[in-house]
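Chain residues, written in single-letter form:
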Amino acid sequence: MTARQSSGPRTVTLPEAITVKGLSDRLGISPIEAIKRLMTHGVMAAMNDTIDYETAAIVSSELGIAPSPEAAAAAVATAVREDEEGEEGDEAGAPRPPVVTILGHVDHGKTSLLDAIRETNVVAGEAGGITQHIGAYQIERGGNPITFIDTPGHAAFTAMRARGAQITDVAVVVVAADDGVMPQTIEAIDHVRAADVPMIIAINKTDLPAANADRVKQQLTEQSVVVEDYGGDVLAVPVSATTGAGLGDLLESIDLVSEIQELKANPDRLATGTVIEAELDSRRGPLATILVRNGTLRQGDALVSGLISGKVKAMFDERGERLKEAGPARPVRIMGLEDVPAAGDVIEVVENERAARRIVEQTRREAEGASGVRSGHVTLDTLFHEVSAGNVKELLLILKTDVRGSAEAIRSSLQVLGTGEVKVKVIHTSTGPVSESDVMLAGASGAIILAFNVRTEPSAASQAEINGVEIRSYEVIYQLLESVEQALEGLYEPVYERVVDGTAEVRQLFRSSRVGQIAGSYVTDGTLLRGDRVRVLRNGEEVADTSCGGLRRFQDDVREVQQGFECGIVLERFDAFEEGDVLEFYHQQRVN
């Protein structure tokens, strides 16, 4: 019999992947009951099938048992949570420098602009004057540091740009005044929106004869980016990387937007950070450029990054000078990891190297156990299941069409499908075949790609398969809209009805030092199931609604008791029974 916990709600630790049988054992219910509950959420799984943590947690929560992740996952979750708390400005936090990302179309002057700000020649070190890797640099303005991330602008490096937008506080989108808004400009804007960070427009090359800042502002309005001059809330600053004009105004705008956010972090905690880029150096081994997000990173710290552990043997700034420590929002290059991490990975400092290896080993075991678990990326078929445990209901879409007219018509129709409960957001629209760039954006934002009368490039198709991104192709508009509408039906809050499995009458009370009061009961109707919810009715009034903690026949724990038999009943968090109480055993069944 499951012991009643008088100190609070019962809890259970769950791994990242677990079999249905393993879950039922941990929750103290029959495998059949676990399978039934999974079916109500659209998950068809047999007893020996593997499900992921989120799915198992839903079943656990339904039974009134609070789920929590096991060791390795808990360590990661704690670090991420503390990181977020520090960024939001908890009481222990101190002001930290802003992280600014430079985005835009190729050859619109992003790196030249940053070069002018830093008063160093970054461009000269790049092949052909085009940025080949993400670079992270820190400058000082009036004694206050600002961290800049310079990202490549051409379509082949969309994935890098996505990572930049996701780790930034302020995004500066550079648009050449003589060239105007271009395809990668639009993609950069969509990345910023997907990352939900403030945007500043830097209208560059204003010193050229063909420069037309007003035309740029008008083109931006067509992309729903309304600058302040046109009555909007997006700052637009004319600049020239060549002459230096407007650079002070741009930095002042960055200061203003950053100040509004009140950026804070706690420098006194163990550090967490994000990998900006990484490589294997033939002499120095794995090297990783890290942006410290919270805490202070020190030489000698033990690190964990996914399935990689290590120790900070040496640390350098962007000029190659050695550092002993690096605080929040500081970009550094570190040596000492056992392998090369992936760009975008989280890096965490842990207590010591032994703890690092233990966490990595636990994570590896969980990853191996989860090898057969479904991908975490959303599809139209699995949409409801993906969001059923969350409070935010949002469907992100990328729309590719043959002609612009079709794009506008479909986009308008899709957005009408949204309601107060469900948001439909088309984060990017363009004409032409589905490209790797589209797949990268979908992977970064968790979006689904809808392709109307266009093909998918082979490289994009293989990339989508690797990353678990769904591409849906259509030739008829109403079929496209119908598919999305059907997926949205699963996004609404489901309606459940209570299905009574059995009722019992309390006829005698027993006291147990281990579990508290036991209700000696007679089953008057149906079948009592140990995994059910139970309503306690007294004189027709409900006095409690909780979970069944155990059923007992004579000296045996049982999973069910049928009509006409007597049994002992223990409930979770309730033992104030009275003779004559009616116990109604039930489960919830979805009706829409």
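Residues numbered from 1 in each chain as written. Predicted model: local features only at pLDDT ≥ 70, side-chain atom pairs only at ≥ 80, totals over all residues. Heavy atoms only, no water.

### Brief notes about the overall build of the protein
Here is step 1: If you tally the helices and strands in the protein, you get 15 helices and 32 strands.
Here is step 2: Counting only residues that meet the buried cut, the protein has 51% of its 592 residues in that class.
Here is step 3: Within the protein, contacts between residues separated by at least 24 positions form 70% of all contacts whose residues are at least 6 apart in sequence.
Here is step 4: Summed over all atoms, the accessible surface of the protein reaches about 26900 Å², with 47% contributed by carbon and sulfur. (Helix = DSSP H or I, 4+ residues; strand = E, 2+ residues; numbered from the N terminus. Buried < 20%, exposed > 50% of the residue type's maximum accessible area, 1.4 Å probe, protein only. Contact = heavy atoms within 4.5 Å. Areas by Shrake-Rupley, 256 points an atom, 1.4 Å probe, with all protein chains shown as cover.)

### Looking at the side chain of Ser 258
Here is step 1: Tracing the sequence through the fold places Ser 258 in helix H9 (residues 247-261).
Here is step 2: Among the polar contacts listed, one links the side chain of Ser 258 to the backbone oxygen of Ile 254, at a separation of 2.7 Å.
Here is step 3: Ser 258 has contacts with Pro 98, Val 170 and Leu 263, leaving out every residue within four places of it along the chain. (Polar contact = N/O pair within 3.5 Å; in protein donor to acceptor, adjacent residues only side chain to side chain.)

### Considering the packing of helix H1 (residues 20-27) against helix H2 (residues 31-39)
Here is step 1: Close contact between H1 and H2 brings their axes to 8 Å; oriented N to C, the two are set at 110°. Here H1 lies roughly perpendicular to H2, going by the angle between them. Counting all contacts with H1, which are made through Val 20, Lys 21 and Ser 24, the residues of H2 involved are Pro 31, Ala 34, Ile 35 and Leu 38.
Here is step 2: Looking at the contact of H1 with H2, its residues break down into five nonpolar, one polar and one charged. (Axes fitted to C-alpha atoms, helices over the stretch in contact; angles between N-to-C directions. Parallel < 35°, antiparallel > 145°, perpendicular 65-115°, else oblique. Nonpolar A, V, L, I, M, F, W, Y, C, P; charged D, E, K, R; others polar.)

### Here we look at the environment of Ile 359
Here is step 1: Relative to the helices and strands, Ile 359 resides in helix H10 (residues 353-369).
Here is step 2: The sequence separation of Ile 359 and Ser 309 amounts to 50 residues, and the corresponding C-alpha distance is 8.7 Å.

### Focus: empty space enclosed by the protein
Empty pockets left among the atoms are what a rolling probe the size of a water molecule brings to light.
Here is step 1: On inspection of all chains with the given rule, the structure shows two cavities of 30 Å³ or more.
Here is step 2: Empty space within the largest cavity amounts to approximately 90 Å³.
Here is step 3: Surrounding the largest cavity, 15 residues form its lining, Arg 10, Leu 27, Ile 29, Arg 530 and Cys 548 being those nearest its centre.
Here is step 4: With four residues, strand S28 (residues 541-553) is the largest single contributor of residues to the lining of the largest cavity.
Here is step 5: Here the residues of the lining of the largest cavity sort into five nonpolar, six polar and four charged.
Here is step 6: The volume enclosed by the second largest cavity comes to roughly 40 Å³. (1 Å grid on protein atoms, 1.4 Å probe; cavity = no way out; pocket = protein on both sides within 12 Å on 5 of 7 lines; lining within 4 Å. Points joined across faces, edges and corners; volume = space filled by probe spheres on them.)

### Topic: the side chain of Gln 219
Here is step 1: Of note, Gln 219 is situated in helix H8 (residues 213-222).
Here is step 2: On the basis of relative accessibility, which here comes to 19%, the residue Gln 219 falls in the buried class.
Here is step 3: With sequence-adjacent residues up to four places away left out, Gln 219 is seen in contact with Gly 180 and Val 181.

### Concerning unusual backbone geometry
Here is step 1: With phi around 60°, Asn 453 is a residue other than glycine that occupies positive phi space.
Here is step 2: In this fold, Asn 453 is placed in the loop between strand S23 (448-452) and helix H14 (458-467).
Here is step 3: The class for Asn 453 is partly exposed, based on a relative accessible area of 37%.
Here is step 4: For Arg 573, which is not glycine, the phi torsion reads 60° and is therefore positive.
Here is step 5: Topologically, Arg 573 is positioned in the loop between strand S31 (566-571) and strand S32 (582-590).

### As for the sheet that holds strand S21 (residues 394-401)
Here is step 1: The strand order across the open sheet formed by four strands is S22-S21-S23-S24, and the pairing between neighbours is parallel. Sheet topology places strand S22 (423-431) and strand S24 (471-474) at the edges, where each strand pairs with a single neighbour. Across the sheet, the axes of successive neighbouring strands diverge by a mean angle of 25°, strand direction being ignored.
Here is step 2: As defined by bridge partners, S21 adjoins S22 across eight bridges and the pair is classed as parallel. Bridging from a neighbouring strand, Leu 395 pairs with Val 424 of S22. (Pairing = 2+ DSSP bridges.)

### Some points on the packing of aromatic side chains
Here is step 1: Inspection of every chain in the model, using the stated rule, returns one aromatic pair.
Here is step 2: Measuring from ring centre to ring centre gives 5.4 Å for Phe 574 and Phe 577, while their planes differ by 90°; the resulting arrangement is edge-to-face. Comparing Phe 574 with Phe 577 shows no difference in burial state: the two are buried.
Here is step 3: Geometry around Phe 316 places Arg 284 over its ring, the cationic atom sitting 5.9 Å from the centre.
Here is step 4: When the ring centre of Tyr 586 is taken as origin, the NZ or CZ atom of Arg 498, which lies over that ring, is 5.4 Å away. (Phe/Tyr/Trp six-rings, centres within 6.5 Å; stacked < 30°, edge-to-face > 60°. Lys NZ or Arg CZ within 6 Å of the ring centre and 35° of its normal.)

### With respect to the pairing of strand S6 (residues 99-104)
The side chains of a regular strand alternate, residue by residue, between the two faces of the sheet.
Here is step 1: Along S6, six of the six residues are buried, which leaves the element largely enclosed by surrounding structure.
Here is step 2: Burial along S6 is two-sided: the face carrying Val 99, Thr 101 and Leu 103 and the face carrying Val 100, Ile 102 and Gly 104 are both buried.
Here is step 3: Bridge count for S6 against strand S8 (residues 144-150) is four bridges, and the pairing is parallel. Pairing of Val 100 across the sheet is with Phe 148, part of S8.
Here is step 4: Direction of pairing for S6 relative to strand S9 (residues 170-176): parallel, over a ladder of five bridges. Of the residues in S9, the one forming a bridge with Thr 101 is Ala 171.

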